[in-house]
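The primary structure of each chain is shown beneath.
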Amino acid sequence: MIDATTPGTIDGVEPTSSTLSDAKFKSLMINSAKVPGNFGYKSTSDIDLDANGYYAFDITLKTFHNVENPESSENGYASTFNSFASIYLNGLGDKASDANFEKVESFNSVTNTYGWATYTIFVQTSEFNSLNDLSLELWLGSKNESCTGPVFFNSVALTQYSKDAFEEAVINTPASNKRVVRLTNQYTINEAVENNQFDLPISSGWTYKTVNIDEDNGQVVRSVDYKSDDISAITGEVNADYAFATKDIPANSNLQLKNNTKLLLINNPLEEHEAVLQSSNINILQHGYYRITVWAWRNTSEGSPVISLVDVNERKEKVDLSVSTTSTSDNFTGGWNQYNFYVAGNGYRDEVVALQLGLSGKGYVYYDDVQVRQISFADYETGKSKSYSSSLSFDTSTTNYQVANDDFDVTANEDYSITYPLAPQSWTANLDEDETLRVAGIVNTESSNFTANLPNYSKGGMHPNNPGALPLRSENNNVLMIGNFDSEMNNYYTSSSISLSSGKYYHITAYVAANSLDGNGGAYIKCYSDKETLFEYSNIIGSWSLKEIYIATGTDSISAHIDLGNTAQGYAFFDKVQVEETTQDVFNAVTSSKIDLSYHKMS
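Residue indices follow the written sequence of each chain, beginning from 1 at its first position. Local features in this predicted model are restricted to residues whose pLDDT is 70 or higher, and side-chain atom pairs enter the listing and the counts only when it is 80 or higher, whereas totals over whole chains, interfaces and linings include all residues. Derived side-chain values reflect all non-hydrogen atoms in the structure, with water molecules and hydrogen atoms excluded from consideration.

1. Brief notes about the overall build of the protein chain
Consideration 1: Helical segments are the DSSP runs of H or I of at least four residues, strand segments are the runs of E of at least two, and each set is numbered from the N terminus. On a plain count of helices and strands, the protein chain comes out with 7 helices and 37 strands.
Consideration 2: Any residue under 20% of the maximum accessible area for its type is buried, any over 50% is exposed, and the rest in between are partly exposed; the area is computed with a 1.4 Å probe on protein chains only. The buried share among the 603 residues of the protein chain stands at 52%.
Consideration 3: Any two residues whose heavy atoms approach within 4.5 Å at even a single point are treated as in contact. Contacts spanning at least 24 positions in sequence make up 80% of the contacts within the protein chain whose residues lie at least 6 apart.
Consideration 4: Here the Shrake-Rupley method, with its probe set to 1.4 Å, supplies the accessible areas, and only the displayed protein chains count as covering residues. Carbon and sulfur atoms make up 43% of the accessible area of the protein chain, which amounts to about 26500 Å² in all.

2. Observations regarding the sheet that holds strand 27 (residues 438-444)
Consideration 1: Strand order in the open sheet formed by 6 strands is 27-28-36-31-34-37, with mixed pairing between adjacent strands. Each edge of the open sheet carries a strand with a single partner, namely strand 27 and strand 37 (594-596). Shown here is a sheet whose adjacent strand axes are inclined to one another by a mean of 20°, direction ignored.
Consideration 2: Two strands are said to pair when DSSP picks up at least two bridges between them. Note that strand 27 and strand 28 (residues 478-484) share 7 bridges and pair antiparallel. Every angle, taken between N-to-C directions, lies between 0 and 180 degrees, and every axis is a line fitted to C-alpha atoms, over only the stretch in contact when it is a helix.

3. Some thoughts on the environment of S390
Consideration 1: Within the secondary structure layout, S390 lies in strand 25 (residues 389-393).
Consideration 2: Sequence separation between S390 and V343 is 47 residues, and the spatial gap between their C-alpha atoms is 8.8 Å.
Consideration 3: Excluding its chain neighbours within four sequence positions, the residues that come into contact with S390 are V319, D320, L321, N340, F341, Y342 and K384.

4. Describing the packing of aromatic side chains
Consideration 1: Within 6.5 Å between ring centres, the rings of Phe, Tyr and Trp (the latter by its six-membered ring) count as paired, and their orientation is classed by plane angle as stacked under 30 degrees, edge-to-face over 60, tilted in between. Within this structure, the stated rule accounts for 17 aromatic pairs.
Consideration 2: Here Y289 and Y380 contribute two aromatic rings whose centre-to-centre distance is 5.1 Å and whose plane-to-plane angle is 50°, an arrangement assigned as tilted. In this pair, Y289 is assigned in strand 19 (residues 289-298) and Y380 in helix 4 (residues 377-383), connecting sequence segments 91 residues apart.
Consideration 3: The exposure class of Y289 is buried, given its relative accessible area of 5%.

5. Points about the sheet that holds strand 1 (residues 28-37)
Consideration 1: With respect to topology, 5 strands assemble into an open sheet ordered 1-11-4-9-12, the strand pairing being mixed. Unpaired on one side and paired on the other, strand 1 and strand 12 (178-182) mark the two borders of the sheet. Across this sheet, the average inter-strand angle for adjacent strands is 20°, counted without regard to direction.
Consideration 2: The pairing of strand 1 with strand 11 (residues 147-161) spans 6 bridges and is classified as antiparallel.

6. What about the nonpolar core?
Consideration 1: Here, nonpolar core refers to any group of buried Ala, Val, Leu, Ile, Met, Phe, Trp, Tyr and Cys residues whose side-chain atoms link them within 4.5 Å. Judged by nonpolar contacts, the single largest core of 47 residues is most densely connected at I562, L564 and F574.
Consideration 2: Ranked by residues supplied to this core, first place goes to strand 36 (residues 570-582) with 6 residues.
Consideration 3: Contact partners of I562, with chain neighbours within four places excluded, come to V403, W427, Y493, T494, S495, I498, I508, I525, K526, C527, V577 and V579.
Consideration 4: If you look at the next biggest cluster of nonpolar residues, it comprises 34 residues, including A275, V319, L359 and L392.

7. What to know about the pattern of salt bridges
Consideration 1: Any carboxyl oxygen of Asp or Glu that lies within 4 Å of a side-chain nitrogen of Lys or Arg is treated as forming a salt bridge with it. Taken as a whole and judged by the stated rule, the model has 10 salt bridges.
Consideration 2: E167 is paired through a salt bridge with K163; the nearest N and O atoms lie 3.9 Å apart. Separated by 4 residues within a single helix, E167 and K163 lie in helix 2 (residues 163-172), roughly one turn from each other.
Consideration 3: Residue K163 is classed as buried on the basis of its relative accessible area of 16%.
Consideration 4: In this structure, R315 and E351 form a salt bridge, with 2.6 Å as the shortest nitrogen-oxygen distance.

What follows is the structure in structure tokens.
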């Protein structure tokens, strides 16, 4: 039986605390005084946490475990209270269990707080994704176990920390009283930028894009130590408005500046001053996704800081970021902002980019901690639209045809690694869950690439032959591969939606190749709407061949999809799956491989 009554004296002990103000009157009590019971309350308002943040949920509570009940002889009350509490934080996905406290039961011995104790759930959110719609649940007992007696919950507090304060709080909280959940993204840090924290003179790893630095008039471009250097002496007395002391440079807790004291300072006393530095080259691997970051701090709106990403080979326009005026009132980053470039690699070759940092016009700016990270496609998609972010894509796909990613040049890497075969963008995988029975995704036919990754494509003594390039393509070609290691498999990919308007003519094409098939099936291409199959080519084997169909639509518009699959033991390859509008004259001239729906209403 659950007794949800007003908190009061239990076993002669009031639920008060020398450290908790008015605990007696401001606590939530849940009580099962006669028989074992379990019951919980869930927060009704959603809890949202920002990306790249550090948070702590503090829950203060009191239990009565192994406490004799002097009223046990009356009205059937339990002779002993054995209450315990549980705390659940919902909304963390597969990390939720890491945040839960179950069976909190032994705090009456903590005499200096009258048995009260605080449990803390620490949450470090990911760099790219905020957390929305979290909720807390506070329980007598747990979701699965009952107990007798009361529990009191005194307070629930949510605190946001700086990085250093968060780590210090984690260290200082006893292990039994804390749960730590880190939702950091998977990535690898590539120390691609030389002198990325400006610990060395800027001549190491950085080159000037502007030639004339006006040191005679107080212009300063150099690495400084914010703790030990006399910045006023460095900038000189030419323009006192822009000569500042070390105390004006706020430490960025998220940079752990107590161990990283060097910063890049650019100080321009005059309007005509400009200084731009370019980093060492940053390699962007084929099919890779990257996040390039830098921290910046400024305290003037007159000059224009320069943060740009440039294509060293000048095939792409440079990308710029607008640097906002920062403020020292931000307790979590000391007025510093992190600026981000998200880069998508080329489908056929590696690329080279470089970061440019500078200041145009009067003012001053600090830069620090340049990092290059390989990330997943999902983090690339999420991050490029965030504040203080921009993107540069070497995507080679075209939009001339209806089927998205028709030539399989664009990947959707599931993590930061570039491990072939790669997931294709804009295609939905329909694959057997048993990964030992299949291998599927984008492969590259360039000889050295295909050979190097052959172990990834081979299982059970089976391995594919390189399908080579299409007749009109170079050897370096990306294709979709579906390999089955069991003859009972049917693995396939589905395209995004294609639209066939009424009263129009269309030409649909795809290249297919298959090898090492067992003869009981083969590759197939199927085009279908939600009402019926429009056409299908099945049991395709052999070297590259072009499969095509001409369609004349009727009075109905058609929304369709294309499936590319393999129903045999062996390997199938697909490329250049295209849908384009054509003319009536072309349709009429074709003598085969065409479908006339002009007198057919889709049923």
